[in-house]
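Chain by chain, the residues:
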Amino acid sequence: MRPFPRLADRSFPLAMGTLAIAAFALLVLPLATVAWVSFFEGKIISFPPSGYTLDWYRAAWEMPRFRDGLQTSLRVGLVATAVSLATGVPAALFLARTRFPGRAAIQSVLLGPLIVPGIVAGVALYMFMIETEIATGLQTAQTFGGLCLGHSLIALPWTVRLVTAQLVGMDRQAEEAAAVMGARPLTVFWRVTLPAIRPGLVAGGLFSFVISFVDLEKSLFLVGPGTTTLPIAIINYLEWSVDPTIAAVATAQIAVISAVMIVTDRFFKLTRAF
Amino acid sequence: MSSITLQALSKSYGGTVTVDRLDLDMREAEFLAFLGPSGCGKSTTLRMIAGLAMPDSGRILFGERDVTRLPPYRRNAGLVFQGYALFPNMTVAGNVAFGLQMRRTGKAETEERVRRALELVRMAHLADRLPRQLSGGQQQRVALARAIVYSPDALLLDEPLSALDAKLRAEVRSELRRLQQDLALTTVFVTHDQDEAISVADRIAVMSAGRIEQVGRPEEIYAAPASLFVAEFLGMSNFLPGASDGPGRFRLASGQVLGFGRTGARARGATLAVRPENIRLSRGAPAEAPGDCQAVDAVVEEVLYRGSLVEYRLDLGGTRLTVHRQNGDHDRPEAFARGETVTAAWRARSAILL
């Protein structure tokens, strides 16, 4: 007989709950603060704010550097997503389904951008582009193409990873069943394989876009006149001035990413990819 | 529908021979079961018939048509897997329609044939469901409908019942048999379950180590196994060790000589096999002994009540002898107790030298 539950029985869920709330707060508070600051009235950021205004959003929108930056970032993000999917899916298929010498090595190289610090990869890529230019006369550094190339590289591992996970988990007998029912290899791919790996495809595309959209380190070396991305524009602005404009831009950036995630999740439950 | 012929079919994986010069003739509309333990090559054989594995040598014919080198999508076979392998993103009707779409069947005809196939497996009312909304038995019926809807030349079943629970298995099994007979489908059924093979197949091919040990009707194989392996795999048998002692004579280790009626086609001559249900027990010499009666004295070690029968486990000079006595209220046979010495008797013709 135990008339009362032991203290540990009650305190454990309590401790877990507290920890969870603390972790959540740690994640959300900085973002919330940025969003909050973006509505402050004063040019000098001070607490408590003297009043609230939407002016900083208008100011940010009216600055060409931010408007162009957003546009460049969106364009680069879309190109990087497309390239990452177009090359990552065949790569994942090949890696998941064939056995050949050097397979493990290729897998490591493909996942490399996840491990190598972005700044190091950025420098390496920049030097590679310059050397190529010296050798061939073909300019890639500081062009839109070069920027897209760099962003595709950091996006690719996500597609490969997420699509591979789906391929490993999928029922290959469904493909065999389709073949026996009369489907040619390409039809099997379109009608059976592709639908089965769709969670990985959607999540891979989403991550490719987001990773490209927020990338700073690699872009530092790759941007040139007219191809400045939004994070670079933010950094450049921060060098000379700190005012709520920057908070407004950051909030807009967070909003874009949230919108992409929410829209994707609406058509497709993202939790199914992990 | 067509007949299926396998000629000297061989397949190795990494130096291990999985299927070894296998020959088999199936007539049209026949239901044949490949029966064997895992790794005996039965699934590989099925995969070669389906076109999912290429034989190293040998030929596969559907009727007169040589399909040995054809890819799976040009063979016109139907295949049902143990794990159903339905397309999760398509409805039941979509799954069943797939094979017809691949054959470029018209829309109206496709609809009609899908409806008929689903009616055959009693799934028409669930045509719009997705596979994940169905139970295992329902999914397997959809898989079956999907495989027969385009009238395949061969219906191939790879352990289709193994994932189902016992009651459902019996139900789907009889449904499968009915369907196969109604549609006169030439069917190859792969299983490791002897009861399944015995209860559905016209003929059973017992496989071991890539070869067919014996092929024949279930009752033939049960009554006259060709080898020790077949007798061990199909049903239960007593195996008495000893040696052949002239024609029709077998000498036990104890020195007693017994008669037997049959010699297995692949007998090695060191074992005498007797089925438990063919042995009668008595105290002293059996009362009404037929002319070819063989009798041994043994000690009762265990008595197990098993519902419709009683199983006696006897010790015969170190060898276990199992005897089944049917329970029923028509006659009341004697009961025997542990430790008792009894006479176990059988007819020479039911003993087989293996």
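What counts, and at which threshold
Counting starts from 1 at the beginning of each chain's written sequence and moves along it residue by residue. Whichever chain is written first becomes A and whichever ligand is written first becomes 1, with later ones labelled in order. Local features in a predicted model are, by the rule used here, given only for residues with pLDDT of at least 70; side-chain atom pairs are given and counted only at 80 or more, and totals for whole chains, interfaces and linings are based on all residues. By definition, a nonpolar core groups buried Ala, Val, Leu, Ile, Met, Phe, Trp, Tyr and Cys residues that connect through C-beta atoms lying within 7 Å of each other. Our exposure labels follow a C-beta count within 10 Å of each residue's own C-beta, placed from the backbone: buried means 20 or more other C-beta atoms, exposed means 12 or fewer, and partly exposed covers the counts in between. What counts as a helix is a DSSP run of H or I of at least four residues, what counts as a strand is a run of E of at least two, and both are numbered from the N terminus. Domain delimitation in this document rests on an assignment produced automatically or drawn from a domain database. We call two residues in contact when the distance between their C-beta atoms, placed using the backbone, is within 7 Å. For two strands to be treated as a pair, DSSP must find no fewer than two bridges joining them. Note on geometry: axes are lines fitted to C-alpha atoms, helical ones only across the stretch in contact, with angles between N-to-C directions running from 0 to 180 degrees. pLDDT is a residue-level measure of predictor confidence that goes from 0 to 100. Throughout this entry, Asp, Glu, Lys and Arg are counted as charged residues, while Ala, Val, Leu, Ile, Met, Phe, Trp, Tyr, Cys and Pro are counted as nonpolar. The remaining residues, Gly among them, count as polar. Each angle is binned into one of four classes, with values under 35 degrees roughly parallel, values over 145 roughly antiparallel, values of 65 to 115 roughly perpendicular, and all other values oblique. For any helix crossing, the convention is left-handed if the near helix is rotated counterclockwise from the far helix by under a right angle, and right-handed if that rotation is clockwise.

1. Side note on the nonpolar core
Consideration 1: Counting 152 residues, the largest nonpolar core has I49(B), V96(B), A145(B), L156(B), V188(B) and V206(B) as the members making the most contacts within it.
Consideration 2: Looking at which element gives the most residues to this core, the answer is helix 3 (residues 64–97) of chain A, with 10 residues.
Consideration 3: The residues that make up this core include at least three from each of domain 1 (4–224) and domain 2 (236–353) of chain B.
Consideration 4: Here V206(B) is in contact with L35(B), G36(B), I212(B), E213(B), Q214(B), I221(B), V230(B), F233(B) and L234(B), once residues within four sequence places are set aside.

2. Here we look at the sheet that holds strand 8 (residues 187–191) of chain B
All names here are of chain B.
Consideration 1: Spatial ordering of the open sheet is given by 6-7-8-3-9-10, a layout of 6 strands whose pairing is mixed. Looking at the sheet topology across the chains shown, the edges are occupied by strand 6 (77–80) and strand 10 (211–216). Across the sheet, the axes of successive neighbouring strands diverge by a mean angle of 20°, strand direction being ignored.
Consideration 2: Strands strand 3 (31–35), strand 6, strand 7 (154–158), strand 8 and strand 9 (203–208) of the sheet are contacted by helix 1 (residues 42–50), whose axis makes an angle of about 150° with strand 7.
Consideration 3: Across the sheet, helix 4 (residues 136–148) touches strand 6 and strand 7, and the angle it forms with strand 6 is around 170°.

3. As for the confidence of the model for chain B
Consideration 1: Averaged over all residues, the pLDDT of chain B equals 90, while 99% of them reach at least 70.
Consideration 2: Confidence metrics for the complex model read pTM 0.78 and ipTM 0.83.

4. Quick word on the sheet that holds strand 19 (residues 319–326) of chain B
All names here are of chain B.
Consideration 1: Pairing within the open sheet is antiparallel, and its 5 strands lie in the order 16-20-17-18-19. Where the open sheet ends on each side, the last strands, each with one partner, are strand 16 (280–282) and strand 19. When strand polarity is set aside, the average angle formed by the axes of neighbouring strands in this sheet is 45°.
Consideration 2: Bridging between strand 17 (residues 293–306) and strand 18 (residues 309–316) involves 7 bridges; their strand directions are antiparallel.

5. A look at the pairing of strand 3 of chain B
All names here are of chain B.
Consideration 1: Within strand 3, 5 of the 5 residues are buried, which leaves it mostly tucked inside the rest of the structure.
Consideration 2: Neither face of strand 3 is left uncovered, since the one carrying F31, A33 and L35 and the one carrying L32 and F34 both have all their residues buried.
Consideration 3: Where strand 3 meets strand 9, 4 bridges bridge the pair, whose relative direction is parallel. For A33, the partnering residue across the bridge sits in strand 9 and is I204.

6. Details of the domain arrangement of chain B
Consideration 1: When cut into domains, chain B gives domain 1 (4–224) and domain 2 (236–353).
Consideration 2: Computed over C-alpha atoms only, the centres of domain 1 of chain B and domain 2 of chain B are separated by 40 Å.

7. A closer look at the environment of G78(B)
All names here are of chain B.
Consideration 1: With respect to the secondary-structure elements, G78 resides in strand 6.
Consideration 2: For G78, a count of 27 C-beta atoms within 10 Å puts it in the buried group.
Consideration 3: Along the sequence, G78 and Y150 sit 72 residues apart, while their C-alpha atoms lie 8.3 Å from each other.

8. Quick word on the interface of chain A and chain B
Consideration 1: The interface of chain A with chain B comprises 14 residues on the first partner and 16 residues on the second.
Consideration 2: Elements with a contribution of two residues or more to the side of chain A that touches chain B: helix 7 (172–180) and helix 8 (185–196) of chain A.
Consideration 3: It is helix 7 of chain A that contributes the most residues to the side of chain A that touches chain B, 7 residues altogether.
Consideration 4: Counted by class, the side of chain A that touches chain B contains 9 nonpolar, 2 polar and 3 charged residues.

9. Notes on the packing of helix 4 (residues 103–115) of chain A against helix 6 (residues 144–169) of chain A
All names here are of chain A.
Consideration 1: Contact geometry of helix 4 with helix 6 gives a least axis separation of 8 Å together with a crossing angle of 120°. As the angle between them shows, helix 4 and helix 6 are arranged oblique. Crossing of helix 4 over helix 6 shows left-handed handedness. Facing helix 4, whose interface residues are L110, L111, P113 and L114, helix 6 presents L153, I154, L156, P157, V160 and R161.
Consideration 2: Tallied by class, residues from the contact of helix 4 with helix 6 come to 9 nonpolar, no polar and 1 charged.

10. Describing unusual backbone geometry
Residues and elements named next belong to chain B.
Consideration 1: Although it is not a glycine, E159 sits at a positive phi angle of roughly 45°.
Consideration 2: Secondary-structure assignment places E159 in the loop between strand 7 and helix 5 (166–182).
Consideration 3: For E159, a count of 20 C-beta atoms within 10 Å puts it in the buried group.

11. Side note on the environment of D56(B)
Residue and element names in this part refer to chain B.
Consideration 1: Mapped onto the fold, D56 is located in the loop between helix 1 and strand 4 (57–62).
Consideration 2: Judged by local crowding, D56 falls into the partly exposed class, with 14 C-beta atoms found within 10 Å.
Consideration 3: Between the C-alpha atom of D56 and that of Y13, which follows or precedes it by 43 residues, the distance is 9.7 Å.
Consideration 4: Not counting chain neighbours up to four residues away, the residues in contact with D56 comprise S10, K11 and S12.

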